[in-house]
Amino acid sequence: MSAADKVQGLAEAHGFLAKMPTAAHEQMVVELGIIARDVNALQRNAVPVDTGRLKGALGFRMLAEQLRVRIGLFRAGFRSGQSNTFYGRIIEFGRRAQTVLVQRRRRVNGSLRSSRGR
């Protein structure tokens, strides 16, 4: 099931946006950029600041052709785990509860082995 099937009238909206005059499209891009900057400024003001890394990782991306804006943690290295802003996702979305099973290792013939025999 595609997104067009899930949202009633989405195909008509896409058709309307495709037929939109260039000047109207450009004006919508400008307005989306202004809104994105405002929302990004609100995020930067609301983020807890200790070292400033998380605040520096916040940004936005404009996808002008599609009339889309993505706002959030976008700086280089965030997704790949190379930066020290991994905790930003935890602050933004929270954490799921974890159940941890503790397994003790047993000593066999003077060396440590796990309970699975490794």
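Calculation notes
- Residues numbered from 1 in each chain as written.
- Predicted model: local features only at pLDDT ≥ 70, side-chain atom pairs only at ≥ 80, totals over all residues.
- Heavy atoms only, no water.
- Helix = DSSP H or I, 4+ residues; strand = E, 2+ residues; numbered from the N terminus.
- Buried < 20%, exposed > 50% of the residue type's maximum accessible area, 1.4 Å probe, protein only.
- Contact = heavy atoms within 4.5 Å.
- Areas by Shrake-Rupley, 256 points an atom, 1.4 Å probe, with all protein chains shown as cover.
- Patch = residues over 30% accessible without salt bridge, like charges linked within 9 Å, V, L, I, M, F, W, Y side chains within 5 Å.
- Salt bridge = Lys/Arg side-chain N within 4 Å of Asp/Glu carboxyl O.
- pLDDT = per-residue confidence, 0-100.
- Expected span 1.5 Å × (residues − 1).

1. Notes on the overall build of the protein
- Across its full length, the protein holds 5 helices and 4 strands.
- Listing the helices and strands of the protein from first to last along the sequence gives α-α-α-α-β-β-α-β-β.
- Counting over 118 residues, the protein shows a buried share of 16%.
- Look at the contacts in the protein between residues 6 or more apart in sequence, and 36% of them connect residues 24 or more apart.
- Accessible surface for the protein amounts to roughly 9900 Å². Of this, 52% is attributable to carbon and sulfur atoms.

2. Some points on a nonpolar patch on the surface
- A cluster of nonpolar side chains, contributed by Phe16, Leu17 and Met28, occupies part of the molecular surface with about 290 Å² of accessible area.
- One can find methionine 28 in helix 3 (residues 22–46).

3. What about the side chain of asparagine 40?
- Along the chain, asparagine 40 falls in helix 3.
- Exposure remark for asparagine 40: the relative accessible area of 8% places this residue in the buried category.
- Once you skip the residues sitting within four places of it in the chain, asparagine 40 turns out to touch Leu58, Gly59, Phe60 and Ile71.

4. Here's the deal with the confidence of the model for the protein
- Considering every residue of the protein, the mean pLDDT works out to 78; 74% of them sit at 70 or more.
- At the low end of the mean pLDDT range in the protein sits strand 4 (residues 111–113), at 60; at the high end sits helix 3, at 93.

5. Topic: helix 3
- A rise of 1.5 Å per residue sets the reference length of helix 3, with its 25 residues, at 36 Å; its end C-alpha atoms lie 36 Å apart and thus fit the reference within 8%.
- When we look at burial in helix 3, the residues that qualify are Val29, Gly33, Ala36 and Asn40.
- Taken together, the buried residues of helix 3 touch strand 1 (58–63) and strand 2 (68–73).

6. Let's talk about the environment of glutamate 26
- Note that glutamate 26 resides in helix 3.
- The partly exposed category is assigned to glutamate 26, whose relative accessible area is 47%.
- When the C-alpha positions of glutamate 26 and leucine 67 are compared, they lie 9.4 Å apart, and in sequence the two are 41 residues distant.

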